[in-house]
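# Remarks on the overall topology
Okay, here's what each chain looks like letter by letter:
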Amino acid sequence: MSSSRTGRPPVQRAARRPVAPRPQGENPVRTLVTRARRAWDRPLTAYYVILGGSLLITVLGLVMVYSASQITALQMSLPGSYFFRKQLLAAAIGAVLLLVASRMPVKLHRALAYPILAGAVFLMALVQVPGIGVAVNGNQNWIALGGSFQLQPSEFGKLALVLWGADLLARKHDKRLLTQWKHMLVPLVPAAFMLLGLIMLGGDMGTAIILTAILFGLLWLAGAPTRLFAGVLAVAALLGAILIRTSENRMARLACLGATEPQTGPVDCWQAVHGIYALASGGIFGSGLGASLEKWGELPEAHTDFIFAVTGEELGLAGTLSVLALFAALGYAGIRVAGRTEDPFVRYAAGGVTTWITAQAVINVGAVLGLLPIAGVPLPLFSYGGSALLPTMFAIGLLIAFAREDPAARMALAMRQPRFGKKRIGGSQRPRRWNTMRRRAPGARSSGER
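Report follows, based on the coordinates. (Residues numbered from 1 in each chain as written. Predicted model: local features only at pLDDT ≥ 70, side-chain atom pairs only at ≥ 80, totals over all residues. Heavy atoms only, no water.)

## Some remarks on the state of the cysteines
Applying the stated criterion across every chain yields a total of one disulfide. The disulfide partner of Cys256 is Cys269, and the gap between their sulfur atoms is 2.1 Å. Taking the torsion about the sulfur-sulfur bond, which here is approximately -90°, the covalent link between Cys256 and Cys269 counts as left-handed. Taken as a pair, Cys256 in the loop between helix 11 (248-255) and helix 12 (270-280) and Cys269 in the loop between helix 11 and helix 12 lie far apart in primary sequence, 13 residues in all. You'll find Cys256 and Cys269 in the same group, each marked buried. (Disulfide = S-S within 2.5 Å. Helix = DSSP H or I, 4+ residues; strand = E, 2+ residues; numbered from the N terminus. Buried < 20%, exposed > 50% of the residue type's maximum accessible area, 1.4 Å probe, protein only.)

Now the structure itself:
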């Protein structure tokens, strides 16, 4: 063996392994899609999508509330961070509610259904008492809590209908009563109409539409026949048409569909048109965070109902598409949670929450885009408003709890828990891998009927 110049023996390098050639005809796009499907089919994917997506929407909403509300606060002789601080406080309380709801067992969620419904009905009736109820923008749906804090009980009516309706349908499902149309409609539809009546006494058509969407979602999940579903839909559409026809304000909002000029007729479409102006001036990447021009008094409700327009102006098409993608992922994960469970209560409650958040997001974004009438509903988790944020974050906690209750997800979470100084059960046995979310429990597991 020849020596090197330093007198040391030469280092023997290991031979490189030959790179395996890629199989002929393999499509990289198809491989990427396959890997994405496998990643989505993992047991904890829905859990992480719901948790991460909701937190991202909330954090981005806080940033946009701070940006969109500064001018409004200064015009009211308030500090520029006034609305942001109130929203941050509501988000902190909502985070606690989310954590509590995500850790509560399903039995306790079912036990809270009737108390939450009774409390929501009481508060919604209290709104109509003179001296207690407060009118905002022509709608009397608020209760003054003292100082600058107000409460909108109708927002908690959405959560009450989801929990109570899911518990009611689950109990009837266990007794095999949902095959009869009278058990499917009574008392679910009369109770929903009672909530709708209390909301419409204050003139809040937007919240009534969301509540109607939740009702239809529960009926659809319960397997309502087409004729029954169409009948309830026809009655709701007739009542909605009468309520719109008898209100000049609602007719004016309907007349602003597709408007491109602030003064296009007998009604003033200032808000709808300037929302389009904000989106159109944003371009692809926007004018920059905080650089919106429409929020300088041109766009009413820039930090509440039309915050999506300010987002489009400052963050551009990229920002708005990111927000829509987060809502789409959140909605799809909620559908997956509802579709994979064997527990009827979990299926109805998860479907009701998903219908609530998705329908409200569609109505808000559609109004900003000029495709739907302005209903006055906030963008969930994004717009300013503590009364809307608190029950929505509690509902997100429900979805997280339901995602954790899946047998495959529970096993995956148990395997990931750290064991300080202890070995896993079974020694060196490899943990079982779950490659799909489509695995179902071998039998229906009761969620604790009362």
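There's more to say after this.
## Considering the pattern of salt bridges
Inspection of the entire model under this criterion finds four salt bridges. Salt-bridge contacts for Asp167 lead to Arg171; the nearest nitrogen and oxygen are separated by 3.2 Å. With Asp167 and Arg171 both in helix 6 (residues 153-174), this residue pair falls four residues apart, about one helical turn. Both residues of the pair, Asp167 and Arg171, count as buried. A salt bridge links Lys295 to Glu314; the shortest N-O distance between them is 3.2 Å. Of this pair, Lys295 sits in the loop between helix 12 and helix 13 (307-340) while Glu314 sits in helix 13; the two residues are 19 residues apart in sequence, bridging distant segments of the chain. Given a relative accessible area of 5%, Lys295 falls into the buried group. (Salt bridge = Lys/Arg side-chain N within 4 Å of Asp/Glu carboxyl O.)

## With respect to the sheet that holds strand 2 (residues 139-146)
Strand order in the open sheet formed by three strands is 1-2-3, with antiparallel pairing between adjacent strands. One side of each edge strand has no neighbouring strand; the edge strands of this open sheet are strand 1 (133-136) and strand 3 (149-151). If you compare each strand with its neighbour and ignore which way they point, the axes differ by 55° on average. Direction of pairing for strand 2 relative to strand 3: antiparallel, over a ladder of three bridges. Paired with Ile143 across the two strands is Leu151, which belongs to strand 3. (Pairing = 2+ DSSP bridges. Axes fitted to C-alpha atoms, helices over the stretch in contact; angles between N-to-C directions.)

## Examining helix 8 (residues 188-201)
A rise of 1.5 Å per residue sets the reference length of helix 8, with its 14 residues, at 20 Å; its end C-alpha atoms lie 20 Å apart and thus fit the reference within 8%. Among all positions of helix 8, only Leu188, Val189, Ala191, Ala192, Leu195, Leu196, Leu198, Ile199 and Met200 are buried. Positioned one or two residues after helix 8, Gly203 has a phi angle of 85°, which is positive. (Expected span 1.5 Å × (residues − 1).)

## A look at the side chain of Glu313
Along the chain, Glu313 turns up in helix 13. Among buried Asp, Glu, Lys and Arg side chains, Glu313 stands out as unpaired, with Lys295 the closest opposite charge at 8.0 Å. For Glu313, the residues in contact, after removing those within four places along its chain, are Ala278, Ser281, Gly282, Gly286, Ser287, Ser292, Leu293 and Glu294. (Lys, Arg positive; Asp, Glu negative; His and termini not counted. Contact = heavy atoms within 4.5 Å.)

## Details of the packing of aromatic side chains
This structure, assessed with the given rule, holds six aromatic pairs. Between Phe83 and Tyr384, the aromatic rings sit 5.2 Å apart at their centres with planes inclined by 85°, giving edge-to-face as the arrangement. On the criterion of sequence distance, the pair formed by Phe83 in helix 3 (residues 82-103) and Tyr384 in the loop between helix 14 (344-368) and helix 15 (386-405) is long-range, its members being 301 residues apart. Grouping residues by exposure puts Phe83 and Tyr384 together as buried. Three or more aromatic residues joined by ring pairs form one cluster here, namely Tyr82, Phe83 and Tyr384. Its guanidinium or amino end placed over the ring of Phe149, Lys86 lies 5.1 Å from that ring's centre, counting from NZ or CZ. (Phe/Tyr/Trp six-rings, centres within 6.5 Å; stacked < 30°, edge-to-face > 60°. Lys NZ or Arg CZ within 6 Å of the ring centre and 35° of its normal.)

## What about the packing of helix 8 against helix 9 (residues 205-221)?
Relative orientation of the contacting elements helix 8 and helix 9 amounts to 170°, with a least axis distance of 9 Å. Viewed along their axes, helix 8 and helix 9 adopt a mutual orientation that is roughly antiparallel. Here Leu188, Val189, Ala192, Phe193, Leu195, Leu196, Ile199 and Met200 of helix 8 lie close against helix 9, whose contacting residues are Met205, Thr207, Ala208, Leu211, Thr212, Leu215, Leu218 and Leu219. (Parallel < 35°, antiparallel > 145°, perpendicular 65-115°, else oblique.)

## Some details on the nonpolar core
Residues Leu188, Ile396 and Phe402 are the most contacted members of the largest nonpolar core, which totals 111 residues. Counting residues per element, this core draws most heavily on helix 14, which supplies 13 residues. Once you skip the residues sitting within four places of it in the chain, Leu188 turns out to touch Leu161, Trp164, Gly165, Leu168, Leu169, Leu215, Leu218 and Leu219. (Core = buried A, V, L, I, M, F, W, Y, C linked by side-chain atoms within 4.5 Å.)

## Digging into the packing of helix 5 (residues 113-126) against helix 8
Packing of helix 5 against helix 8 brings their axes to within 9 Å, and their N-to-C directions diverge by 30°. Between helix 5 and helix 8, the angle falls in the class roughly parallel. As helix 5 runs across helix 8, the sense of the crossing is left-handed. Taking contact as the criterion, the partners of Leu117, Val121, Met124 and Ala125 in helix 5 are, on helix 8, Met194, Leu195, Leu198 and Ile199. When its residues are assigned to classes, the contact of helix 5 with helix 8 shows eight nonpolar, no polar and no charged. (Left-handed = near helix turned anticlockwise from the far one by under 90°. Nonpolar A, V, L, I, M, F, W, Y, C, P; charged D, E, K, R; others polar.)

Everything listed here is a matter of coordinates, which is why it stays silent on function.
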